[in-house]
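Results of the structural survey
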Amino acid sequence: MTIRVATYNLHGLRDDVPALTRVITAMRADVLCVQEAPRFVRWRARRRALAVASGLRAATPGRLGGVAVFTGPRVSVLHAESHALRAFFGLERRGLAVAVVEAEGTRLAVGSLHLDLNDPARVHHAAEAVALVERAATRLDATVVLGGDINEQDRQPAWRYLAGRLADCYAVAPKGDGLTFPARRPSARIDGVFAARAARVVSCGGVDAPPADLGAASDHLPVIAELRVGL
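Residues numbered from 1 in each chain as written. Predicted model: local features only at pLDDT ≥ 70, side-chain atom pairs only at ≥ 80, totals over all residues. Heavy atoms only, no water.

A look at the overall build of the chain
The number of helices and strands found in the chain is 6 helices and 13 strands. Its C-alpha atoms give the chain a radius of gyration of 16 Å, near enough to 17 Å, the size a compact globule of 231 residues would have. The principal-axis extent of the C-alpha atoms belonging to the chain is close to 45 × 40 × 35 Å. Buried positions account for 56% of the 231 residues belonging to the chain. Intrachain contacts of the chain at a sequence separation of at least 6 include 70% that bridge at least 24 residues. Accessible surface, the chain: about 9800 Å² in total, of which carbon and sulfur atoms supply 54%. Charge separation in the chain, taken as the distance between the mean sites of 30 positive and 23 negative side-chain charges, equals 4 Å. (Helix = DSSP H or I, 4+ residues; strand = E, 2+ residues; numbered from the N terminus. Rg over C-alpha atoms; globule rule 2.2 N^0.38 Å. Buried < 20%, exposed > 50% of the residue type's maximum accessible area, 1.4 Å probe, protein only. Contact = heavy atoms within 4.5 Å. Areas by Shrake-Rupley, 256 points an atom, 1.4 Å probe, with all protein chains shown as cover. Lys, Arg positive; Asp, Glu negative; His and termini not counted. Charge placed at Lys NZ, Arg CZ, Asp CG, Glu CD.)

Notes on unusual backbone geometry
For the bond running from phenylalanine 181 to proline 182, omega is -10°, close enough to zero to count as cis. Note that proline 182 resides in the loop between strand E10 (174–175) and strand E11 (191–195). Within the chain, histidine 11 stands out as a residue other than glycine whose phi angle is a positive 55°. Here the phi dihedral of glutamate 104 falls at roughly 50°; this positive angle occurs in a residue that is not glycine. Summarising the element assignment, glutamate 104 is placed in the loop between strand E6 (95–103) and strand E7 (106–114). The exposure class of glutamate 104 is exposed, given its relative accessible area of 67%.

Things to note about the packing of aromatic side chains
In this structure the tally under the stated criterion is 1 aromatic pair. Each ring, one from tryptophan 159 and one from phenylalanine 194, has its centre 5.2 Å from the other, and the planes form 70°; the classification is edge-to-face. Of this pair, tryptophan 159 sits in helix H4 (residues 157–165) while phenylalanine 194 sits in strand E11, and the two are 35 residues apart along the sequence. The cationic tip of arginine 86 hangs over the ring face of phenylalanine 88; the distance from NZ or CZ to the ring centre is 4.3 Å. (Phe/Tyr/Trp six-rings, centres within 6.5 Å; stacked < 30°, edge-to-face > 60°. Lys NZ or Arg CZ within 6 Å of the ring centre and 35° of its normal.)

Focus: the sheet that holds strand E5 (residues 76–84)
Here 6 strands make up an open sheet; going across it, the order is E5-E6-E7-E8-E11-E9 and the pairing mixed. One side of each edge strand has no neighbouring strand; the edge strands of this open sheet are E5 and strand E9 (167–168). Across 2 bridges, the pairing between E9 and E11 is antiparallel. Looking at the pairing, alanine 167 lines up with alanine 195 of E11. This element, helix H3 (residues 119–140), spans E5, E6, E7 and strand E8 (143–149) of the sheet and lies at about 150° to E5. (Pairing = 2+ DSSP bridges. Axes fitted to C-alpha atoms, helices over the stretch in contact; angles between N-to-C directions.)

Digging into helix H1 (residues 17–27)
Looking only at H1, the buried set comprises Ala19, Leu20, Thr21, Val23, Ile24 and Met27. Looking at the buried side of H1, the elements it contacts are strand E1 (2–9), strand E2 (31–35), helix H2 (43–53), helix H6 (211–217) and strand E13 (223–228). Among the residues of H1, the N-terminal cap falls to aspartate 16, whose side-chain oxygen and the backbone nitrogen of alanine 19 are separated by 3.1 Å. In the segment just after H1, arginine 28 is the residue with positive phi, at about 55°. (Polar contact = N/O pair within 3.5 Å; in protein donor to acceptor, adjacent residues only side chain to side chain.)

Quick word on the nonpolar core
Within the largest apolar cluster, 28 residues are counted, with the highest numbers of intra-cluster contacts made by Ile3, Val5, Leu108, Val145, Cys169 and Leu227. Mapped onto this core, the elements with two or more residues apiece are E1, E2, E6, E7, helix H5 (169–172), E11, strand E12 (200–205) and E13. The greatest single-element share of this core, amounting to 4 residues, is contributed by E6. Not counting chain neighbours up to four residues away, the residues in contact with cysteine 169 comprise Val193, Phe194, Ala195, Val201, Cys204, Ala225 and Leu227. (Core = buried A, V, L, I, M, F, W, Y, C linked by side-chain atoms within 4.5 Å.)

Examining the pairing of E1
In terms of burial, E1 is largely enclosed, as 7 of its 8 residues are buried. Where E1 meets E13, 6 bridges bridge the pair, whose relative direction is antiparallel. Residue pairing for E13: threonine 7 is matched across the bridge by valine 223. Regarding the hand of the β-α-β motif, the stretch spanning E1, H1 and E2 is right-handed. (Right-handed = clockwise from strand over helix to strand, strands pointing away.)

What follows is the structure, given as structure tokens:
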């Protein structure tokens, strides 16, 4: 079957929320990895309201690191978990959200990740996140997918680690220029979707949404991968 997995840094809902809702709706994602989701005042209600307005539901618990996984109506959530990643002195605490989902008998273990601006922390957290998602995938016989704001480009160590363990979906089947930051005048690809090599990447790139909405919704652009998994 074909399933759509996306990643999007929401910038804490500090921008144009109606535009953000329209962009998320335009993705038609079955699974959406989000970063910088609300995590302070009324964080549960704000996440839930955004998900519902976009035709999705919030699948993962916790608020650590501002990461979460949202799911669409085509998939059911079998398991969800959140993890605190290793603490680095003086740096923001990072987290990982994981949802194991099923659609038409196909299972995916999807992780949402937001890496730090610090080089050693990024590399360590990338490896830690892959191990945690792989553990969930093994336990429930699922295919690994990881989406996130990597905060570096594909020639740098954390990205290279992720692309060594998993397929960089955009590199496999690119759609568009792939640039994701900053949203109004993108010049770098720092957000990505990575999938186990058992999944066939049909396409990966940006979202067909009005440019005005994409520029107003967040400081990042979303990435969506269309994956063929199973029979």
